[in-house]
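What follows is the residue order along each chain.
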Amino acid sequence: MKELRNPAALRRLLEDIGEKTRVLGRKPRLMEVCGTHTMALFKNGLTPLLAEAGVEMVSGPGCPVCITPNGIHEAAIAAVTETEDLTLATFGDMTRVPTRKGSLQTAVPARGSRLRVVYSPEEALDEARRGTGREVVFFGAGFETTIPAIAYTAKRAAAEGLRNFSILPALWLVPPALRAVLASGEAAVDGFIYPGHVSAVIGAGPYEFVAREHGIPGAIAGFEPGDILLAVRSVLEQAVEGRPRVALEYARAIGRDGNPVARALMAEVFEPFDAVWRGLGRIPASGLRFRKAFAALDAGTRFGLGPADEGRDLPGCRCGDVLRGVIRPEGCRLFGTKCRPDAPLGPCMVSYEGACLIHFKYGPPGGPVS
Amino acid sequence: MSDKRISLDLGGGGRLMREFIAGTIVPAFRDPLLGELADAVHLPGGVAFTTDSYVVDPLFFPGGDIGRLAVNGTVNDLVVSGAEPRFLSLALIIEEGLETAVLERVIGSIRGASRAARVRVVTGDTKVVRRGQGDKVYINTAGVGRSIARPKPGAIRRGDKIILTGTLGDHSLAVMLARGDFGLRSSARSDCAPLLFLLPFWKAGAKWMRDVTRGGLATVLYELAERLPYPVLLEEDKIPLSRPVQAAAELLGIDPLFMACEGKAVVVAPAKKADDFVRRMRRHPLGRRAAIIGEVQGRVGRPGELILRTAAGGLRLLEPLTSELLPRIC
Amino acid sequence: MCLAVPAKITRLEESGHGTASYLGSEVAANFCLVPQAKPGDWVIIHAGFAISVMDETEARETLRLFKDMAAAERR
């Protein structure tokens, strides 16, 4: 889809966007909920172009690595450092989050134990199938996009009666977090760019309350530069017309109903509970845990990892405020000085989706946009 | 004593490693030749000297193996430093239990690669360590060459062009896929090769060269840009990529600008000569996809910055690699 | 929050496992979440799982829109 990166087409969209901000008569502030959007905005150099067109983008709570509280990261570290002959499998970004116990990458595994980076949860399941007498723990973090894959893996493990496989869940739901962001009233956003791949599972329905109850426009976007600008244009159009809704600007990839098969699988294996998010605190029905029938797969219980839902942030770190859209990364005193990608003090400087890392690495020439 | 320990990141070719070298190694010896931190050092008497160690898992991968790496890596360090490679030393650290046939295959490959690169292996050493204290075989080679030119970063001016001799990331990807990770299969092949064809460009007026290895293009050019009184601007859509690398970059979420090569270099050339350089490079099989990918300029950015104009038309600042490349799903 | 790419299904086994191709590379994938998918379909793959089947008509529509915008801008 290189047409969606065509500079001429993008210029055209940016002109439209500039025109709409002029009609609005103010500089709208839009929240991109999803970290992959943050990444795409910066990697393609779109943030400064949007700023020129009069649009300010703020990042939302859409980085699973970042919003997972340190207590859970520390539980994963405990699993691999305190149990022998154990494989802790997880996604790449999860391995570098700094905690009071260091990070998974700096932790020294117990005898015979190791850390393994995987692309799919099934790679971890395969290792459990092969290894006799070896415990395999999948440290699974993710939003609705990733949860069905983890649910599938859990269900397979249960069906095959694999006793050496378990999952440490850090599973988060987007709509309750949006409710929390809106309820706090701190972020003051004029519109939302909704996550395309979360929506592939949940569809458009769960965001309707934002337009209905809060009167805030929004659009579901894909991840090419053109996709994002189309969504921004749609949000501004809704604002100009005074008719907020949930526009779908990613119809080639997803339908308004999402994926009911994936949702049914999630619901079969997991149940919602009031989870604690880094920066946002406890949010009603915002996390998922194993249902009773699958409780044997819970690594937390199996290895006695204890209650893991405390914040335990490192001192001075303002990741929480960044995740709520209250400050931009540059607003944190540690940003770029004491907290850098190679010596991060908070997860937002670790994850490839973390707003701090992205602002640091992909800032525009001549210093950060403010 | 601090309880800090060495992490894998230190060896990744990123900022941590640069800080370790500048903060620990250089002050320990205080030698002006070492202080240049060049890929190879020009000694008095027209002799250039370099060394490098090779560790790779797996030992064999599409397009190369540890033996070819050990020859070509050292040869290329000499070439991009302005020296014609002549002699190599060969030191092997072998793990107890390694199959003899594997070792013979590696030696055979070193022989083939050194012939292809026209260097002679003239001295060496062999050590065996206990099982578990090493991983199959590690190789160190030192290289000696004849100085033919000195890189002149101080002579780089506004308007000079940045030439890349071919596609990025093929080596990194070939090794990653040979490990069988991530369920990905493609025709990726390491670009491991000796860059002898670049030697004539020194005489023709090249100002500076570096081979693009660990840390990738962004790290190599960042280290150049930070020493220049001008910003360097790269054009994303001019940077050649093979299809397997394009695919893997998007599937695994890794950036080709940070992926390692073993047979590519960047060359800084005066504007007037750059087109001719590219034409000549393209005549050689190892330079078929050579291209001007950017320039030293004064229109965009601040002195010392390395800037990428993205395919979408935006601008973005490039930083050196800070940690090991890991695929990400989120 | 979720990196995913479009790829074309090249092989689909009864178990729901198979492969998809993207720019000539083959990636192993699980298609159990999209039971309606068949070889030749384009899907969105995330963490080794296809989560959505793409709509070709909509994809062509998007392409046309961008080609038109690019042409209009150049004029």
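What you see is a predicted model; the values in this text were computed from it and never measured.

Undergrad: It is not clear to me how helix α11 (residues 225-241) of chain A should be interpreted in this structure. Could you clarify?
TA: Two residues of an α-helix separated by three or four positions point the same way, owing to the 3.6 residues in each turn. All names here are of chain A. Between its first and last C-alpha, α11 extends 25 Å over 17 residues, near the 24 Å set by a 1.5 Å rise per residue. The buried fraction of α11 amounts to 14 of the 17 residues, a majority that puts the element mostly inside the structure. With its phi angle positive at about 65°, glycine 242 sits one or two positions after the end of α11.

Undergrad: So what exactly am I meant to see when it comes to the pairing of strand β10 (residues 208-211) of chain B here?
TA: Every regular strand shows the same layout, with side chains that alternate between the two sheet faces. Residue and element names in this part refer to chain B. Neither face of β10 is exposed, since Trp208 and Arg210 on one face and Met209 and Asp211 on the opposite face are all buried. In this structure, β10 lies alongside strand β12 (residues 265-269), joined through 4 bridges in antiparallel fashion. When the sheet's bridge partners are listed, tryptophan 208 is paired in β12 with valine 268.

Undergrad: I tried to follow the pairing of strand β5 (residues 83-95) of chain B on my own but got confused; where do I start?
TA: Residues and elements named next belong to chain B. Two elements, β5 and strand β7 (residues 137-147), share 11 bridges in a ladder whose sense is antiparallel. Paired with leucine 92 across the strands is isoleucine 139, a residue of β7. Direction of pairing for β5 relative to strand β6 (residues 120-129): parallel, over a ladder of 9 bridges. Across the sheet, the residue bridging to alanine 91 is aspartate 125, located in β6. A crossover links β5 with its parallel partner β6, the connecting element being helix α4 (residues 100-116), and its sense is right-handed.

Undergrad: Is there a simple way to think about the confidence of the model for chain A in this case?
TA: When pLDDT drops low, the exact placement of atoms in the prediction is not to be read closely. When pLDDT is averaged along chain A, the result is 90; 95% of the residues meet or exceed 70. Low pLDDT, under 50, characterises residues 366-370 of chain A; the stretch is placed with 10 contacts to residues that sit more than four places away or in other chains.

Undergrad: In this structure, what is going on with the packing of helix α7 (residues 147-160) of chain A against helix α12 (residues 260-269) of chain A? I would like to understand it.
TA: Pairs of packed helices are described in terms of their axes, by the angle between the two and the distance that separates them. Residue and element names in this part refer to chain A. In contact at an axis separation of 9 Å, α7 and α12 are set at 55° when each is read in the N-to-C sense. The orientation of α7 with respect to α12, classified from their angle, is oblique. The way α7 lies across α12 gives a crossing that is left-handed. Facing α7, whose interface residues are Ile147, Pro148, Ala151, Tyr152, Ala154 and Lys155, α12 presents Ala262, Leu265, Met266 and Val269.

Undergrad: What's the story with the sheet that holds strand β5 (residues 135-142) of chain A in this structure? I'm lost.
TA: Strands belonging to one sheet form pairs held by backbone hydrogen bonds; the direction of such a pair is parallel or antiparallel. Residue and element names in this part refer to chain A. Spatially, the 6 strands line up as an open sheet ordered β4-β3-β5-β6-β11-β10, and their pairing is mixed. At either end of the open sheet lies a strand with only one pairing partner, and these are β4 (114-117) and β10 (270-277). The average angle at which neighbouring strand axes cross in this sheet is 25°, direction not considered. As defined by bridge partners, strand β3 (residues 86-90) adjoins β4 across 4 bridges and the pair is classed as parallel. Note on β4: the bridge partner recorded for leucine 88 is leucine 115.

Undergrad: Explain the interface of chain A and chain C here, please?
TA: Size of an interface: often given as the accessible area lost when the parts come together. Contact residues are listed per partner, giving 38 residues for chain A and 29 residues for chain C. Mapped by element, the contributors of at least two residues to the side of chain A that touches chain C are α1 (7-24), α2 (35-43), α6 (121-130), α7, α9 (196-202) and α12 of chain A. Among the elements that take part in the side of chain A that touches chain C, α1 of chain A stands out by supplying 5 residues, more than any other. Residue composition of the side of chain A that touches chain C, grouped by class: 22 nonpolar, 10 polar and 6 charged.

Undergrad: Help me out: how do you make sense of the sheet that holds strand β9 (residues 246-248) of chain A in this one?
TA: Residue and element names in this part refer to chain A. Here 5 strands make up an open sheet; going across it, the order is β2-β1-β7-β8-β9 and the pairing parallel. Edge strands, defined here as strands with exactly one partner in the open sheet, are β2 (56-62) and β9. The sheet shows a mean angle of 25° between the axes of neighbouring strands, taken without regard to direction. Two elements, strand β8 (residues 218-221) and β9, share 3 bridges in a ladder whose sense is parallel. Bridging across to β9, isoleucine 220 finds its partner in leucine 248. Across the sheet, α2 is in contact with β1 (29-34), β2, β7 (191-195) and β8; its angle to β1 comes to roughly 120°. Against the sheet, helix α8 (residues 174-184) makes contact with β1, β2 and β7, and its axis sits at roughly 125° relative to β2, the strand it touches most.

Undergrad: Help me understand unusual backbone geometry in this model?
TA: Trans is the prevailing form of peptide bonds, just as negative phi is the prevailing case for residues other than glycine. Cis geometry marks the peptide bond from aspartate 57 of chain B to proline 58 of chain B, where omega comes out at 5°. Counting through the fold element by element, proline 58 of chain B comes out in the loop between β2 (47-54) and β3 (60-61). A positive phi angle is found at aspartate 85 of chain A, which is not glycine, with a value near 50°. Structurally, the position occupied by aspartate 85 of chain A is in the loop between α5 (70-82) and β3. On the basis of neighbour counts, which here come to 15 C-beta atoms within 10 Å, the residue aspartate 85 of chain A falls in the partly exposed class. Even without glycine at this site, arginine 30 of chain B takes up a positive phi of about 45°. Its 8 C-beta neighbours within 10 Å are what place arginine 30 of chain B among the exposed residues.

What counts and how
- Residues numbered from 1 in each chain as written.
- Chains lettered and ligands numbered in written order.
- Predicted model: local features only at pLDDT ≥ 70, side-chain atom pairs only at ≥ 80, totals over all residues.
- Helix = DSSP H or I, 4+ residues; strand = E, 2+ residues; numbered from the N terminus.
- Expected span 1.5 Å × (residues − 1).
- Buried ≥ 20, exposed ≤ 12 C-beta atoms within 10 Å, placed from the backbone.
- Pairing = 2+ DSSP bridges.
- Right-handed = clockwise from strand over helix to strand, strands pointing away.
- pLDDT = per-residue confidence, 0-100.
- Contact = placed C-beta atoms within 7 Å.
- Axes fitted to C-alpha atoms, helices over the stretch in contact; angles between N-to-C directions.
- Parallel < 35°, antiparallel > 145°, perpendicular 65-115°, else oblique.
- Left-handed = near helix turned anticlockwise from the far one by under 90°.
- Nonpolar A, V, L, I, M, F, W, Y, C, P; charged D, E, K, R; others polar.

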